[in-house]
Amino acid sequence: MDHKKGIFGWGAVLATIIMTANTAHALPKFYLGGMYNSTSPSDGQSTAYAGTAGFGGMAGIQGMLGSLIGIELDVTYLQRSFDLTGKNISVTGTYVDVPLLMWLNFAEFFGIGAGVYGTYGVGLSRSGKGANSTAMTFGEASLKSYTGGAMGAARISIFTSSFVGLFLEGRYLYGLFNHASIDKFYYNDAQVLLGLRIGGGK
């Protein structure tokens, strides 16, 4: 619980900084969207994993530090789902991620971003072939409830001159910290986001 409070506490501080530092430049932009997530787990062993479809949503705020540079804080709620190949076992974890990105906006309609993220696990379940899903704790799966890593992103915006527009974004998250409490386990994620951009229009 301390880690969860820390993530959201720092998130609140950063959001306040973005809002106050942004007033000298363009108005802040708010993002709301849905997410498709494909997870590629790795444990450094011979275990074979196959990522399956996971879904989620995001909310974010971006403030401008100049004409080209932006800083963005997001909160995402997502599934990380995968199969253990050859064992007929499927696992789905539900997480809250808090990404912090720096954006280089080449134009109103296109930008690339890089940053870091922290993640906190809120639920975990497993199922076998033809069996009902069974809830389990992260401790029972020998996993920590928190981890994090680095990420990169690219975003295309549509209707940039309007107060409300659309965005399409691709992200890749690379796990840097061991998610396992005993051995090794890392998540790498490929994400596609689609949603609304509110504010920041001309």
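Residues numbered from 1 in each chain as written. Predicted model: local features only at pLDDT ≥ 70, side-chain atom pairs only at ≥ 80, totals over all residues. Heavy atoms only, no water.

(A) Geometry of the overall build of the protein chain. Along the backbone of the protein chain there are one helix and nine strands. Put simply, the protein chain runs from its N terminus to its C terminus through helices and strands in the order α-β-β-β-β-β-β-β-β-β. Burial statistics for the protein chain: of 202 residues in total, 41% are counted as buried. Within the protein chain, counting contacts between residues at least 6 apart in sequence, those at least 24 apart form 63% of the total. In the form shown here, the protein chain has an accessible surface area of approximately 10200 Å², with 64% of it arising from carbon and sulfur atoms. (Helix = DSSP H or I, 4+ residues; strand = E, 2+ residues; numbered from the N terminus. Buried < 20%, exposed > 50% of the residue type's maximum accessible area, 1.4 Å probe, protein only. Contact = heavy atoms within 4.5 Å. Areas by Shrake-Rupley, 256 points an atom, 1.4 Å probe, with all protein chains shown as cover.)

(B) Layout of the side chain of D74. Examined against the element boundaries, D74 turns out to sit in strand β3 (residues 69–84). With a relative accessible area of 0%, D74 lands in the buried category. Within the structure, the side chain of D74 is placed 2.5 Å from the side chain of R171, a separation counted as a polar contact. Setting aside residues up to four positions removed in sequence, D74 forms contacts with M58, A59, G60, I61, D97, V98, P99, L101 and R171. (Polar contact = N/O pair within 3.5 Å; in protein donor to acceptor, adjacent residues only side chain to side chain.)

(C) How the structure looks around the packing of aromatic side chains. If you walk through the whole model with that rule in mind, you get 10 aromatic pairs. When the ring of Y95 is compared with that of F138, the centres are 5.7 Å apart and the planes differ by 70 degrees; the resulting orientation is edge-to-face. Residue Y95 is found in strand β4 (residues 89–107), and its partner F138 is found in the loop between β6 (134–136) and β7 (146–158); the two are separated by 43 residues along the sequence. The exposure classification of Y95 matches that of F138, with both residues buried. (Phe/Tyr/Trp six-rings, centres within 6.5 Å; stacked < 30°, edge-to-face > 60°.)

(D) Expanded view of the side chain of N105. Locating N105 in the fold gives a position in strand β4. Within the structure, the side chain of N105 is placed 3.3 Å from the side chain of Q62, a separation counted as a polar contact. Setting aside residues no more than four positions away along its own chain, N105 makes contact with Q62, M64, L68, G70, F110 and G111.

(E) Seen up close, the nonpolar core. With 18 residues, the main nonpolar core has F82, V91, L124, L143 and F185 as its most contacted residues. Mapped by element, the contributors of at least two residues to this core are β1 (29–42), β3, β4 and β9 (186–198). Excluding anything up to four places from it in sequence, L124 contacts V91, T92, G93, T134, A135, M136, T137, F138, A141 and L143. Membership of the second largest hydrophobic core comes to six residues, among which are Y117, M151, A153 and L173. (Core = buried A, V, L, I, M, F, W, Y, C linked by side-chain atoms within 4.5 Å.)

(F) Molecular detail of unusual backbone geometry. The backbone of S142 sits at a positive phi, close to 60 degrees, despite the residue not being glycine. Looking at the secondary structure, you find S142 in the loop between β6 and β7. Classification of S142 as partly exposed rests on a relative accessible area of 27%.

(G) Looking closely at the pattern of salt bridges. In total, this model carries seven salt bridges according to the counting rule given. A salt bridge links D97 to R80; the shortest N-O distance between them is 2.8 Å. A residue pair is termed long-range when its members are at least 10 positions apart, and D97 in strand β4 and R80 in strand β3 qualify at 17 residues. Each member of the pair, D97 as well as R80, carries the same accessibility label: buried. Overlapping salt bridges, with partners in common, bring together E72, D74, R155, E169 and R171 in one network. (Salt bridge = Lys/Arg side-chain N within 4 Å of Asp/Glu carboxyl O.)

(H) Highlighting the environment of G128. Relative to the elements of secondary structure, G128 occurs in strand β5 (residues 110–128). G128 sits in the partly exposed class, given a relative accessible area of 29%. As a C-alpha pair, G128 and K87 span 41 residues in sequence and 8.4 Å in three-dimensional space.

(I) Representation of the pairing of β1. Of the two faces of β1, the one lined by K29, Y31, G33, M35, N37, T39 and P41 is fully buried and the one lined by F30, L32, G34, Y36, S38, S40 and S42 carries no buried residue. Pairing between β1 and strand β2 (residues 49–64): 10 bridges, direction antiparallel. When the bridges of β2 are listed, G34 appears paired with G57. With 13 bridges joining them, β1 and β9 adopt antiparallel strand pairing. Bridge pairing links G33 to G195 in β9. (Pairing = 2+ DSSP bridges.)

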